[in-house]
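Results of the structural survey
Residues per chain, in single letters:
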Amino acid sequence: MNDSSIVSTMMPVHLSLNHFLERAGLLFATNEVISRRPDKSYLHHTYADIYTRTRQLAQALLQLGLKKGDRVATLCWNHHVHLECYFGIPAAGGVMHTLNLRLSADEIAWIANDAKDRFLIVDDVLLPLLNQFKDQCHFEKIIVVPFTGQTHGGPELDYETLLSQTDTTNFQYVEHHEDDPVSMCYTSGTTGKPKGVVYSHRSTVLHTLVGCLGDFWSLKSTDVVFPVTPMFHANSWGIPYGAMMMGAKLVFPGPHLHPEDLLDCMQYAPPTLALGVPTIWMGLIQTYENALQTQPNRWHLPKGMRSLVGGAAVPQALIKAFDTHGIWIMQGWGMTETSPLCTVSYTKAEFADASDDEKYRRAAMAGVPVPLVDLRIRDDNGLNAAWDGQQVGEIQVSGPFITGSYHQVPVQADKFTDDGWLRTGDVASVDAAGFVRITDRTKDLIKSGGEWISSVDLENALMAHSTIAEAAVIAIPDIKWSERPLACLVLKPGATLDAQELGNHLQQMGFAKWQLPDRYELLDQIPRTSTGKFYKLRLREMFTH
Ligand code: ADP
């Protein structure tokens, strides 16, 4: 024996989501989880209820024959049962597969089959959707969550009956290694077929710990969290795990995501932290500000609320608009592949005393890499770009909660580098302070006469104009210049389009003449993707003739 040898004396305990559940049952018994039902009434549970029900779900799944690694799909809105699935399915050794209910029936069927989903848990209000694709899939058991009180009468099982008949006296968590899978989610497949990303206990626990840190969610047990981010996509950005770990009160909007409904919900249980994509908050602020003219006391925005907004570029105008009502927007950037939190724009110490303009400018960036994420920018020659705020290239990331492959897809060079980093397809620069500024997605960049134009920058500037509610800029083919920018606009109520004035405004904001959109198209609403972002592919189809 070599005297100088040494091994860690720490316990070889695997990181586990079950610990968060046990902790919530033990420490936060009286903290609340509120869900909005389809009839818009509110359902209250405590974490003690959720703890009991989640273990009942796990036990019930085991009794139904679930084996370790089996996939259990969910087709659900945001509510307490979905939270129970987030923990109950892994507790039984299963893998929760969140199906995106906004996709077409055929797409959902394809994804469920690719994942080989064995069981399905579905909201009763989504049964009409399920009926459109059920025959194409092979679910052995379908468990229906009864919200409306209507009986469904099929061979399906009833979630509440199943739980009430389950005795957890002898329940034991299924043993696992920290690298065992807990959940999976498919990318939206805007390029090619959707691909499955599979998360583990380890990746999820580490992502949760990082997310909860002070400069990011800064989650406390006194917080009231309003996740508008769908639980069926990208783990609802991980916040259900964080809330369980910290015992924060959760308020789930259920199927009601219209701005009026969200504002109503925010009156019922004023949040201290809300999460969602920019389009959600654009709709909400428009509705709120319109109502101020006619019914000034109908809604109040929760002053001091923190809001994490991401999934698409957050316009500076949106950040300013919320700030005037005492709500600060933090921007986050990430992907399904990255769990998803990768960068967050928060006030770093060196900018604490910066001017408001500088604070807004930084808030409109994607932000700084979070701990455990390594980030680099690779230029067209495969070289690292300097962090000088100028050089742009593809963002590549690596870390313990970044996927290193896709479910049953051979690792491809266009997705992963030779040294194993994820190629994000997002184009950005990073400045000396570590702030990432996303210029575009590779496929959304506009190449005009050999020069790149950033659609994100144009959108940001257009939405800063007083007449514009929403702007999405796309490339359309052009014989002379190869591509030119076209701006799709939604005007504010009562406003009219003045192309000359918009051109002047853009030039004042620093755009050169050749960068200005050639065409403006007015729409009632910019089409949205299944995750609520501007649907540029659809816009290109609409306007490319
Ligand atoms: P999809 O949008 O295809 O459904 P994801 O939900 O995984 O897939 O979205 C990831 C993509 O969203 C990123 O690659 C990036 O293009 C975009 N995105 C996310 N956050 C931001 C942000 N803060 N700014 C700009 N783009 C963002």
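Cut-offs and rules
- In every chain, residue numbers begin from 1 and rise along the written sequence.
- The predicted nature of this model means local features are confined to residues of pLDDT at least 70 and side-chain atom pairs, given and counted, to a pLDDT of 80 or more, with totals for whole chains, interfaces and linings taken over all residues.
- Hydrogens are left out, water is left out, and the side-chain values use all remaining heavy atoms of the structure.
- Only DSSP runs of H or I reaching four residues or more are called helices, and only runs of E reaching two or more are called strands; each is numbered from the N terminus.
- Values of the radius of gyration come from C-alpha atoms, whereas the globule rule sets the reference at 2.2 Å times the count of residues to the power 0.38.
- A 1.4 Å probe rolled over the protein chains alone gives each residue an accessible area, and that area as a share of the maximum for its type sets the label: buried under 20%, exposed over 50%, partly exposed in between.
- It only takes one pair of heavy atoms within 4.5 Å for two residues to be counted as in contact.
- Positive charges come from Lys and Arg, negative ones from Asp and Glu, while His and the chain ends are left out of the count.
- Throughout, a charge is located at the NZ atom of Lys, the CZ atom of Arg, the CG atom of Asp or the CD atom of Glu.
- In this scheme, strands are said to pair when DSSP sees at least two bridges between them.
- Only the stretch in contact is used when a helix axis is fitted, and all axes are lines through C-alpha atoms; the angle between N-to-C directions ranges over 0 to 180 degrees.
- Each angle is binned into one of four classes, with values under 35 degrees roughly parallel, values over 145 roughly antiparallel, values of 65 to 115 roughly perpendicular, and all other values oblique.
- The cutoff for a nearby residue is simple: one of its non-hydrogen atoms must lie within 4 Å of the molecule or strand.
- Polar contacts here mean pairs of N or O atoms no more than 3.5 Å apart (in protein, one a potential hydrogen donor and the other a potential acceptor; neighbouring residues in sequence count only if both atoms are side-chain atoms).
- The residue classification treats Ala, Val, Leu, Ile, Met, Phe, Trp, Tyr, Cys and Pro as nonpolar and Asp, Glu, Lys and Arg as charged. All others, Gly included, are polar.
- Where each domain begins and ends is defined by an automated method or by a domain database.
- To estimate the expected span of a helix, count its residues, drop one, and scale the result by 1.5 Å.
- We call Phe, Tyr and Trp rings a pair once their centres come within 6.5 Å, taking the six-membered ring for Trp, and we label the pair stacked below 30 degrees between planes, edge-to-face above 60, and tilted otherwise.
- Note on criteria: charge over ring means Lys NZ or Arg CZ within 6 Å of the ring centre, with the direction from the centre no more than 35 degrees off the ring normal.

Brief notes about the overall build of the protein chain
Along its length, the protein chain carries 15 helices and 25 strands. A globule of 545 residues ought to have a C-alpha radius of gyration of about 24 Å, and the protein chain, at 24 Å, matches this closely. Along the longest, intermediate and shortest principal axes, the C-alpha atoms of the protein chain span 75 × 70 × 50 Å. For the protein chain, with 545 residues in total, the buried portion stands at 57%. Expressed as a percentage of contacts within the protein chain between residues at least 6 apart in sequence, the contacts between residues at least 24 apart total 67%. Positive and negative side-chain charges of the protein chain, numbering 45 and 60 respectively, have mean locations separated by a distance of 1 Å.

Notes on the sheet that holds strand β25 (residues 519-522)
An order of β23-β24-β25 is seen for the three strands of this open sheet, with the pairing classed as mixed. Only two strands of the sheet have a single neighbouring strand rather than two, namely β23 (468-478) and β25. Pairwise comparison of adjacent strand axes, ignoring direction, gives a mean angle of 25 degrees for this sheet. In the sheet, strand β24 (residues 482-491) pairs with β25 via four bridges, with the strands oriented parallel. When the bridges of β25 are listed, alanine 487 appears paired with tyrosine 520. Strands β23, β24 and β25 of the sheet are contacted by helix α15 (residues 536-543), whose axis makes an angle of about 60 degrees with β23.

Observations concerning the packing of helix α1 (residues 17-27) against helix α8 (residues 239-246)
Relative to each other, α1 and α8 sit at 45 degrees, their axes nearing to 7 Å. Our classification of the angle between α1 and α8 gives oblique. Seen from α1, the contacting residues are Leu17, Phe20, Leu21, Arg23 and Ala24; seen from α8, they are Tyr241, Met244 and Met245.

Here's the deal with the side chain of serine 203
Within the element layout of this structure, serine 203 appears in helix α7 (residues 201-211). Leave out the neighbours within four places in its chain, and serine 203 touches Pro400 and Phe401.

What to know about the site of the ligand
For the ligand, the set of nearby residues contains 15 residues, the closest of which are Ser188, Thr336, Asp426, Arg441 and Lys533. The backbone of alanine 313 places a nitrogen or oxygen atom 3.3 Å from a nitrogen atom of the ligand. At 2.6 Å, a side-chain N or O of lysine 533 approaches an oxygen atom of the ligand. Examining the composition of the shell around the ligand, we find that four residues originate from one element, strand β14 (residues 328-334), more than from any other. Taken together, the residues of the shell around the ligand break down into four nonpolar, eight polar and three charged.

Quick look at the sheet that holds strand β11 (residues 249-252)
Read across the open sheet, the nine strands follow the order β2-β1-β11-β10-β12-β13-β14-β15-β16; overall the sheet is mixed. Every other strand in the sheet has two partners, leaving β2 (42-46) and β16 (368-369) as the edge strands with one partner each. By the bridge criterion, four bridges tie β14 to strand β15 (residues 341-345) in an arrangement that is antiparallel. Counted as the bridge partner of tryptophan 333 is threonine 343 from β15.

A closer look at the domain arrangement of the protein chain
Domain parsing of the protein chain yields domain 1 (17-25 + 39-198), domain 2 (258-441) and domain 3 (446-543). Centre-to-centre, using C-alpha coordinates, domain 1 lies 41 Å away from domain 3.

Description of the pairing of β14
Burial analysis of β14 places five of its seven residues in the buried class, which makes it a mostly covered element. In this structure, the hairpin formed by β14 and β15 is closed by a connection of six residues, where serine 339 is found at a positive phi of approximately 85 degrees.

As for helix α10 (residues 278-294)
Helix length check: α10, at 17 residues, gives a terminal C-alpha distance of 25 Å against a target of 24 Å (1.5 Å per residue), a fit within 8%. Burial in α10 covers these residues: Pro278, Thr279, Ile280, Trp281, Met282, Gly283, Leu284, Ile285, Thr287, Tyr288 and Ala291. On its buried face, α10 is in contact with α9 (259-268), β12 (273-276), β13 (306-310), α11 (316-323), α13 (455-463) and β23.

Here's the deal with the environment of glycine 93
Looking at where glycine 93 falls in the secondary structure, it is placed in the loop between α3 (80-91) and β4 (95-98). In the structure, glycine 93 is positioned 88 residues away from proline 181 in sequence and 8.5 Å away in space, judged by C-alpha atoms. Beyond its immediate chain neighbours, meaning those up to four positions away, glycine 93 contacts Lys67, Lys68, Gly69 and Val174.

Let's talk about the packing of aromatic side chains
The geometry of two aromatic rings is summed up by the distance between their centres and the angle between their planes. A complete count under the given rule lists nine aromatic pairs for this structure. Seen from their ring centres, phenylalanine 87 and tyrosine 241 are 5.5 Å apart, and the 70 degrees between their planes marks the pair as edge-to-face. A residue pair is termed long-range when its members are at least 10 positions apart, and phenylalanine 87 in helix α3 and tyrosine 241 in helix α8 qualify at 154 residues. Neither phenylalanine 87 nor tyrosine 241 differs from the other in exposure class; each is buried. Here a set of aromatic residues connected by ring pairs shows up, and it is made of Tyr86, Phe87 and Tyr241. Across the ring face of tyrosine 406, the terminal group of lysine 195 is positioned such that the distance to the ring centre comes to 5.2 Å. Between arginine 362 and the ring centre of phenylalanine 435, over which it is positioned, the NZ or CZ distance is 4.5 Å.

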